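Architecture at a glance
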Amino acid sequence: MLKLFLWLRYLRKKKIVFLSIAAVALSAALLIVVANLFGGFIDVFEQSAVKAMGDVVLEPPIKFPKYEELIRRLEQVKMVESASATLSADGLLHLGKGDVRGVEICGVSNLDTRFSKLERISGNERPPSENEQQVRGFVGIGVVAEPNEQTDEYDFDAVKRVIGQESVLTTGAVIKSQEDSGATTVRRRTIRFTIADVVFTGVYYLDKSFVYLPIEEVQRVLYPGLNGGVAGQVQIKLKAGAETDAALAEIRDVWKGFAAEQLGWEPYLISRTAIVTAKQMQSRYVAEFRKQMRVLLFIFGIVSLSAVLLIFCIFYMIVETRQRDIAIIKSCGATNGSVASIFVGFGVCVGVVGSGVGMILGDIITRNINTIEEWIRIIFGLKLWKSSVYMFSRIPNEIDWNSALFIALSAIIAATVGALIPAIIAVRTRPVNVLRYE
Amino acid sequence: MYKIILSFRYLFKRRVSYLALLAVALCVFIVVVVMTVMTGLVRNFKDNNHKWAGDCVVGTESLVGFPYYEDFIKRIDGTDFVEGVSALVKSYALVKNRNLDWSSSAEIMGIDPVKHSKVTDFDETLHYRKNDAAKAFEPAYAPNLTGCVVGVDKWLMRDEDGKYSYEDSPYEVALLVSCFPLTSKGALAKAGTDLVNTKTFYYSDTSRSGLAGVDSSFIYLPLEDAQLLCGMAGPVKRISAIHIKFKPNVKLADGCEKVAALWKKFVEEKKGAEQAGLLDTVKVQSWKDYRREFIAAMEKEQTMLMIMFALVGVTTVFIIFVVFYMIVSHKSKDVGILKSIGVSKADVIELFLCFAFLMGLLGSAAGVFGGWLFLLKINRIEGFLFEHFGFQLWDRTMYAIGDIPNAIDLKVLAVIIASAIGACLAGAFLPSRRAAKLEVVETLQVSQL
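Treat the numbers as computed from the prediction; the structure is a model and nothing was measured.

What follows covers the packing of aromatic side chains. Throughout the structure, instances matching the rule amount to 32 aromatic pairs over all chains. When the ring of Trp-255 of chain A is compared with that of Trp-265 of chain A, the centres are 5.6 Å apart and the planes differ by 80 degrees; the resulting orientation is edge-to-face. Here Trp-265 of chain A lies in the loop between α9 (244–263) and α10 (267–271) and Trp-255 of chain A lies in helix α9, a separation of 10 residues in the sequence. Aromatic side chains Trp-155 of chain B and Tyr-203 of chain B sit 4.5 Å apart centroid to centroid with 35 degrees between the ring planes, which places their arrangement in the tilted category. Within this pair, whereas Trp-155 of chain B is found in helix α6 (residues 152–155), its partner Tyr-203 of chain B is found in strand β7 (residues 197–207), the two being separated by 48 residues in sequence. Note on accessibility: Trp-155 of chain B and Tyr-203 of chain B belong to one class, buried. Taken together, the aromatic side chains of Phe-41, Phe-45, Tyr-285 and Phe-289 of chain A make up a single cluster linked through ring pairs. Of note, Arg-284 of chain A hangs over the ring of Tyr-285 of chain A, and the distance from its end group to the ring centre comes to 6.0 Å.

Spelled out as structure tokens, the structure:
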């Protein structure tokens, strides 16, 4: 009770304590915002891989046929929600007068269901096509339009006008020799297709470079001599809550059975098939990003040590000016531990209040970061976040409470450390020296 | 004089002053290190862009290009402010290894290597034909074949030290380069039975400009071949851009202004010509504007980092404030004595601000010295950490960064020191004013002594 009374008294009488609270709050808020933005960026980066490739990717060292059977078997696995085959190649896209760009052609077996309604500019309506025989394809929004230089937003009305337009793709095809040698040569091939829809995933590299076509069409053009289709990769979506390791093990078993029975592959070739999660495929980059984040937090952490010094200064000042209080308390029989706990406890309070305010501030800034960025653009004309630079259309604004709590806890410990030496000085106060009448 | 003596006395006699010094030194140290590295990265990036683009670019973003460039080149080549001019073609292509099932999209740049090296540092970016631009497109294994120079990141992998695994000489690789040829109206030009033009080039060298985006996407071809591939080699030849280098004494803005004026006049004169409409899409830009999209991103990151440091630096202002508040409280007798012998309020404020200045100066000096020492050894420290703990600041296999930049920029340093001193003065101002307001009669009364 006495401690609480003294803490409240110091807070009321020593307004300067609010400075230490402000410093702790400022440092904690900054670290929370940096950790959340960077961490959010990494999460979205990982999620973008899932968006592009599904949860699990199965990729053998060579293209393989009979993929429909593999998909059928995979979809029977309890933990698998769906599977689709893909066949990819690089190509050039001619969109119109003088408009040519390099793209990645992705032949998919689930073109119409691959993207959600929100991701499709047409709103999932099947676009009018005069010629149903015409090949239909989807293109990323960045392939057909550039975001506004100032706002980084696309002109959706202009983009909608592209739907239904005819385009030409060129790519290389593998042609098998008719002779016994079985040698292959690569020839250029062109694909005419109608842009059936434009997709906007919000992931810049997907939107900027991908053209999606039915896998059958890509097979026909790339491997014209083959009977039946081939696929380069199978992308698998797992059911919600599926345990990844168990799912991977089951998928491996399915693949081994399929490759041995249907393809007649040797165990060596089967074992060289990569069956990994999309997140594992990105792990090298994610590890590098996490390292960068830690370095940044470390630098800001060191600078934030100033807050410890500040608390030390303020508490030192309080101890010096409150010598009489301390002496009276000690003369009433308070132990050294009790006296120390008054100041250490007060330090903890400053840490708790400061980090609490910092967490609230960090939360507000993080959640409204896109609005703040928009206002900076409007007021200063400075566009800080561009999808072409940072990959995503929006700044990730999710709060990671684990890292926020860790930072808050560190702030409390730092505040306590700052109060420690002044507490020791307080303990050393000798009532006889302070209270003698001279 | 007494202000200086008292400032030193307060600084060395009051142990709490050391804390303020430590806080200032810590902040200055971190800011010097981080800003030096960041500024170095931005400066390198800008330099590499400048070296890659030359001083001024007269060009169009349209893949159709623009005609009559030879007339304009003749006109500016003879002027007293231009040192070199290089015409180039830029387009997209599909590149395939003739012997492998491998293809990739790329950006192609058709250049005359000798002329281009007079404008840019192209010859210095080569590996096998370094400083021998005339032979850039001559493969060492077959000089009669048409060669191509490939961006180094498109061709080779970097090891963990950021070094490329070059062979002793280039090995024979035939690359099929396919482009959509476009007519002057932008439509697809039919090339035989196909819609694309294809030509085989032989790998002759790699180019390392130090720009990750460029080195991972560009393939350099002879200008005439690129014009043929892109359909720009008709009776009226077309190109995508003219890159210009100014003479050393010409200021960038002045040079660009002169080129813009000449270009405007040229367009006027060509009005009515068959393909004159294509000239309207051409812009005259300095290299900074030409590469603005890329440079601005890095500059913004630097700005954001500075803002964040400024926010954290506020804590230092708080520390100075508290320390001065304490010193003023303890030295009220000094202030009383000074005022009693006629020192004015302004002089008292000046005394404490002088002390704050000294604190800022010494704290900055300590921080700068520590930062300088750390930067001096930063690459060795990173090497040690990598060797013993596998830690690298940047994974060199992923980032096109060599050594960590550690050359301190004096301008940046001056700004940091000035900011630190400014922060000290700001933090000390309120306590100084409080000191100045102290009444002699109160501070020197017997009960206070």
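Bringing the domain arrangement of chain B into the picture now. All names here are of chain B. Splitting chain B by domain gives domain 1 (2–47 + 295–448) and domain 2 (61–281). Between the C-alpha centres of domain 1 and domain 2 the distance comes to 50 Å. On the side of domain 2, eight residues touch domain 1, which itself brings eight residues to the contact. In total, domain 1 and domain 2 occlude about 660 Å² of area from one another, counting both sides; carbon and sulfur atoms represent 55% of this. Taken as a group, Arg-396, Thr-397 and Ala-400 account for 58% of the area that domain 1 buries against domain 2, more than any other trio of residues on that side. Taken together, domain 1 and domain 2 are joined by zero salt bridges. Our enumeration of links across domain 1 and domain 2 arrives at one residue pair in polar contact (both at pLDDT 80 or more). Among the residues making up the side of domain 1 that touches domain 2, the classes are represented as five nonpolar, two polar and one charged.

What follows concerns the pattern of salt bridges. Here the idea is simple: oppositely charged side chains can pair when their charged atoms come close. Applying the stated criterion across every chain, the model contains 24 salt bridges over all chains. Between Glu-261 of chain A and Arg-73 of chain A there is a salt bridge whose closest N-O contact spans 2.9 Å. With Glu-261 of chain A in helix α9 and Arg-73 of chain A in helix α3 (residues 67–74), the pair connects residues that are 188 residues apart, well separated along the chain. A relative accessible area of 56% places Glu-261 of chain A in the exposed class. Residue Arg-73 of chain A is classed as buried on the basis of its relative accessible area of 17%. The salt bridge involving Asp-71 of chain B is made with Lys-270 of chain B; its shortest N-O contact spans 2.8 Å.

Once that is clear, we can look at the interface of chain B and chain A. Contacts between the two partners involve 60 residues from chain B, matched on the other side by 62 residues from chain A. Interface area lost by chain B to chain A is led by Phe-180, Lys-300 and Met-398 of chain B, which between them contribute 12%. Linking chain B with chain A are one salt bridge, by the criterion used here. Where chain B meets chain A, there are three residue pairs in polar contact (both at pLDDT 80 or more). Of all the secondary structure elements, the ones that give two or more residues to the side of chain B that touches chain A are α2 (15–53), β3 (82–97), β4 (103–111), β6 (174–179) and α11 (292–330) of chain B. Looking at which element gives the most residues to the side of chain B that touches chain A, the answer is α11 of chain B, with 21 residues.

Calculation rules
- Residues numbered from 1 in each chain as written.
- Chains lettered and ligands numbered in written order.
- Predicted model: local features only at pLDDT ≥ 70, side-chain atom pairs only at ≥ 80, totals over all residues.
- Heavy atoms only, no water.
- Phe/Tyr/Trp six-rings, centres within 6.5 Å; stacked < 30°, edge-to-face > 60°.
- Helix = DSSP H or I, 4+ residues; strand = E, 2+ residues; numbered from the N terminus.
- Buried < 20%, exposed > 50% of the residue type's maximum accessible area, 1.4 Å probe, protein only.
- Lys NZ or Arg CZ within 6 Å of the ring centre and 35° of its normal.
- Domains from an automatic or database assignment.
- Contact = heavy atoms within 4.5 Å.
- Buried area = accessible area lost by both parts, 1.4 Å probe.
- Salt bridge = Lys/Arg side-chain N within 4 Å of Asp/Glu carboxyl O.
- Polar contact = N/O pair within 3.5 Å; in protein donor to acceptor, adjacent residues only side chain to side chain.
- Nonpolar A, V, L, I, M, F, W, Y, C, P; charged D, E, K, R; others polar.

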